[in-house]
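One letter stands for each residue in the lines below.
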Amino acid sequence: MKRLLLASLCAAMLAGCLSSQPQSGGEDFPNTVSALGRALAQGMDSSQSWNGLDSAQAALSLSGGVSDTSRLRKISARRQAEGCVDTGYGGSLGGSRAYFVKNVCVGQADGYKRDSLAFGGYFEKMKESDIDTVFLSQSDSVRPVVGFSRRESVTDASGRGYFLLKSDTGRIRVAAQRKWGSWTEVSDLVTGTGPDRRFSTSKDNEMWSGFKGLLRGADTTEWLDIRSLVPNQPVIGAGDSGQALVLKIAAGAGPRKTERGVIVAFRDSLGNYPRRWQTTTLWDNGAFREEAVLGPRPDSTFRPRDTVLVLERAQARGDSLRQEIRALMGPDPRNRKQDSLLSVRTIRYRSSGAERRTLWEFRSDRPVADGSEPVSGKILVRIDFAEGSYIEFDGTWKDGQFAGTWWDGKQSQVVRFGRKGEVR
């Protein structure tokens, strides 16, 4: 009986709890010294790849989208004459407002492209170079044979109903919609002019908010939403970066994944990095996994060299896992390899099998670099068995061995194990 309890204890110490995925119940721990050694060795190996901060990726791109097929094919002058003729016309909208529409017809089968502009001024007297006040700018493309259409528009987002091309301190909304068959891609961006007060020079433009989504029929397959963290301030203003709230959803053929967080956003999105992040993954069979990286500040944000808490909760097939990892962030927020492990606490429940509940704790005496093996630390393990008994182990990892005392409520014994799991 003692040998069976020791085997169960040692397998749980390292192999049973450092893994982040819940497993199906029903397995019995090995009842041989060789199996125990393998479990110890594998558990210590897994401690070198603990880093759960890898889930805090601030990637803002979507994996899919509707291809832009609005580039109409070049056709001969004869084919164009047989279809329809290029037209351009304009007129007054009343008062001092005018409009201009340009149709580029390419035939019944190939579709068309149309650009529309509503502006301030008198159409008969105004030259294109004189246009400054714009009420609407819109472009439409249609290809009925392949079922493709696109609409892009630019409108005022400041509440005035118009925007200025040459000198404006307001905002505009740039919206687009592309359709192909059952797929629809939508996007919306609210932007300001920046210090030069011109929308046409985008390098210094402000970014206030935006979203982008991919839908199949009425179902959302991908979604990305970005909002400013600070009310009444842009995500990116006159400077190069700012803070943003991000919501990202991926719900394709596989599991549904939702990510929420705070990021430091840069004009070059490759430079983004997180300040708070949470990920939830749901499977059709009811399994789920939740991960969160939380900092020490009141709003749970983290910064370089902070001590963070990585929480993970998972459930599958009646088994569940809760894991708490404390880690020290490195000096570079974009380099996860510089983070260090401080402690791990795991509670695992199994719906069947001999071992129903396992508590495993490891507290390192010093920060453990990513990819490195712990040098020393304290270990606590408790296993509750299906028939009502339990076993606990309180010990240390030091000098390449585990040493401590186990007890089961009735008896106790001092025990030591080597790095490869051999009993010493």
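Sequence positions are assigned chain by chain, starting from 1 and proceeding in written order. Only residues with pLDDT of at least 70 are given local features in this predicted model, and only at 80 or more are side-chain atom pairs given and counted; all residues enter the totals for whole chains, interfaces and linings. For the side-chain quantities, the full set of heavy atoms in the structure was used; hydrogens and water were omitted.

Colleague: Would you mind going over the overall build of the protein chain with me for this structure?
Modeller: In terms of helices and strands, the protein chain carries 3 helices and 22 strands. The classification of residues rests on relative accessible area computed with a 1.4 Å probe and restricted to protein chains. Under 20% of the type maximum is buried, over 50% is exposed, and intermediate values are partly exposed. A burial count over the protein chain gives 44% of its 424 residues as buried. Residue-level accessible areas treat just the shown protein chains as cover; the underlying method is Shrake-Rupley with a 1.4 Å probe. Of the roughly 21,900 Å² of accessible surface on the protein chain, 50% is carried by carbon and sulfur atoms. By the criteria applied, helices consist of DSSP H or I runs no shorter than four residues and strands consist of E runs no shorter than two, each listed in order from the N terminus.

Colleague: Looking at this model, I keep getting lost on the layout of surface pockets. Mind explaining?
Modeller: Summary: where empty space remains is shown by rolling a probe the size of a single water molecule over the atoms. Approximately 670 Å³ is the volume found for the largest pocket. Think of a 1 Å grid over the protein atoms and nothing else: a 1.4 Å probe that fits but is trapped marks a cavity, an open set flanked by protein within 12 Å on at least five of seven lines marks a pocket, and residues with an atom within 4 Å of a point count as lining. What lines the largest pocket is a set of 25 residues, among which Leu 189, Met 207, Gly 210, Ile 226 and Arg 267 lie closest to the centre. Listing elements by their share of the lining of the largest pocket, those giving two or more residues are strand 8 (183-192), strand 9 (206-216), strand 10 (219-228) and strand 12 (256-266). The greatest single-element share of the lining of the largest pocket, amounting to 5 residues, is contributed by strand 9. Ten residues, namely Ala, Val, Leu, Ile, Met, Phe, Trp, Tyr, Cys and Pro, are considered nonpolar, four, namely Asp, Glu, Lys and Arg, are considered charged, and the remaining ones, Gly among them, are considered polar. Here the residues of the lining of the largest pocket are counted per class, giving 13 nonpolar, 8 polar and 4 charged. Grid points are joined across faces, edges and corners, and a volume is the space filled by probe spheres set on the points.

Colleague: It is not clear to me how the confidence of the model for the protein chain should be interpreted in this structure. Could you clarify?
Modeller: In low-pLDDT regions, the fine details of the predicted coordinates are not to be read closely. In this model, the protein chain carries a mean pLDDT of 79, and residues with pLDDT of at least 70 account for 78%. Across the chain, each position has a pLDDT score giving the predictor's confidence in that residue, from 0 to 100. Throughout, a contact is declared for two residues whenever any of their heavy atoms are within 4.5 Å. Low pLDDT, under 50, characterises residues 70-82; the predicted model gives this stretch 17 contacts beyond four residues in sequence or across chains.

Colleague: Teacher, can you tell me more about the pairing of strand 16 (residues 319-328) here?
Modeller: At least two bridges found by DSSP between two strands are what make those strands a pair. When strand 15 (residues 307-316) meets strand 16, the two strands line up antiparallel, connected through 10 bridges. Counterpart to Val 308 in the pairing with strand 16 is Ala 327. Between strand 15 and strand 16, which pair antiparallel in sequence order, lie 2 residues; one of them, Arg 317, sits at a positive phi of approximately 55 degrees.

Colleague: Could you clarify how one ought to interpret the packing of aromatic side chains in this entry?
Modeller: Two measures describe an aromatic ring pair: the distance that separates the ring centres and the angle between the ring planes. What counts as a ring pair is set by centres within 6.5 Å for rings of Phe, Tyr and Trp (its six-membered ring), and what kind of pair is set by the plane angle: stacked under 30 degrees, edge-to-face over 60, tilted for all other angles. Counting across every chain of the model gives 7 aromatic pairs. Where Phe 163 meets Phe 199, the ring centres are 5.9 Å apart and the plane angle is 85 degrees; that geometry is what we call edge-to-face. Here Phe 163 is found in strand 6 (residues 163-164), whereas its partner Phe 199 is found in the loop between strand 8 and strand 9, with 36 residues between them in sequence. For the pair formed by Phe 163 and Phe 199, the shared burial category is buried. A ring is considered to have a charge above it if a Lys NZ or an Arg CZ atom is located within 6 Å of its centre and within 35 degrees of its normal. Its guanidinium or amino end placed over the ring of Tyr 162, Arg 160 lies 5.1 Å from that ring's centre, counting from NZ or CZ.

Colleague: Where do I start with the nonpolar core in this structure?
Modeller: Residue types Ala, Val, Leu, Ile, Met, Phe, Trp, Tyr and Cys, when buried and joined through side-chain atoms within 4.5 Å, form a set referred to as a nonpolar core. Counting residues in each nonpolar core, the largest one holds 25 residues, and the members touching the most others are Val 308 and Ile 379. Among the elements that make up this core, the one with the highest residue count is strand 19 (residues 377-385) (4 residues). When sequence neighbours within four positions are dropped, the list of residues in contact with Val 308 reads Leu 53, Val 293, Leu 294, Gly 295, Phe 302, Ile 325, Arg 326, Ala 327 and Met 329.

Colleague: I'm lost on the pairing of strand 19 in this one. Help?
Modeller: The two faces of a sheet get side chains in turn, since along a regular strand they alternate between them. Sheet topology places strand 18 (residues 355-369) next to strand 19; 9 bridges connect them, and they run antiparallel. Each residue of the ladder has a partner; that of Glu 361, found in strand 19, is Leu 380. Where strand 19 and strand 20 (residues 390-398) come together, 8 bridges link them in antiparallel fashion. Note that in strand 20 the partner of Gly 377 across the bridge is Trp 397.

Colleague: Just to check I follow, could you spell out the pattern of salt bridges for this structure?
Modeller: Side chains carrying opposite charge are able to pair once their charged atoms draw close together. Each salt bridge in this description consists of a side-chain nitrogen of Lys or Arg and a carboxyl oxygen of Asp or Glu lying within 4 Å of one another. Counting across every chain of the model gives 21 salt bridges. Between Arg 114 and Asp 140 there is a salt bridge, with its nearest N and O atoms 4.0 Å apart. Remark: Asp 140 occurs in strand 4 (residues 133-143) and Arg 114 occurs in strand 3 (residues 112-120); sequence separation between them is 26 residues. A relative accessible area of 26% places Arg 114 in the partly exposed class. One salt bridge in this structure joins Arg 322 and Glu 324, with 3.2 Å as the shortest N-O distance. Connected through shared salt-bridge partners, Arg 357, Arg 382, Asp 384 and Glu 392 make up one network.

Colleague: What should I look at first to understand unusual backbone geometry in this one?
Modeller: Among all residues save glycine, negative phi is the norm, and among peptide bonds the norm is trans. A positive phi angle, near 60 degrees, is found at Arg 197, a position not held by glycine. One can find Arg 197 in the loop between strand 8 and strand 9. Looking at Arg 197, the relative accessible area reads 42%, which means it is partly exposed. Its identity is not glycine, yet Asn 232 carries a phi of approximately 65 degrees, on the positive side. Relative to the helices and strands, Asn 232 resides in the loop between strand 10 and strand 11 (241-250). On the basis of relative accessible area, Asn 232 is assigned to the exposed category, the value being 75%.

Colleague: How do you make sense of a nonpolar patch on the surface when you look at a structure like this?
Modeller: There is a patch of nonpolar side chains on the surface, built from Val 145, Val 146 and Trp 180 and spanning about 260 Å² of accessible area. Within the fold, Val 146 resides in the loop between strand 4 and strand 5 (148-156). Residue Val 146 is classed as partly exposed on the basis of its relative accessible area, which comes to 31%. Patch construction takes residues with relative accessible area above 30% that form no salt bridge. Like charges are linked within 9 Å, and nonpolar side chains (Val, Leu, Ile, Met, Phe, Trp, Tyr) are linked within 5 Å.

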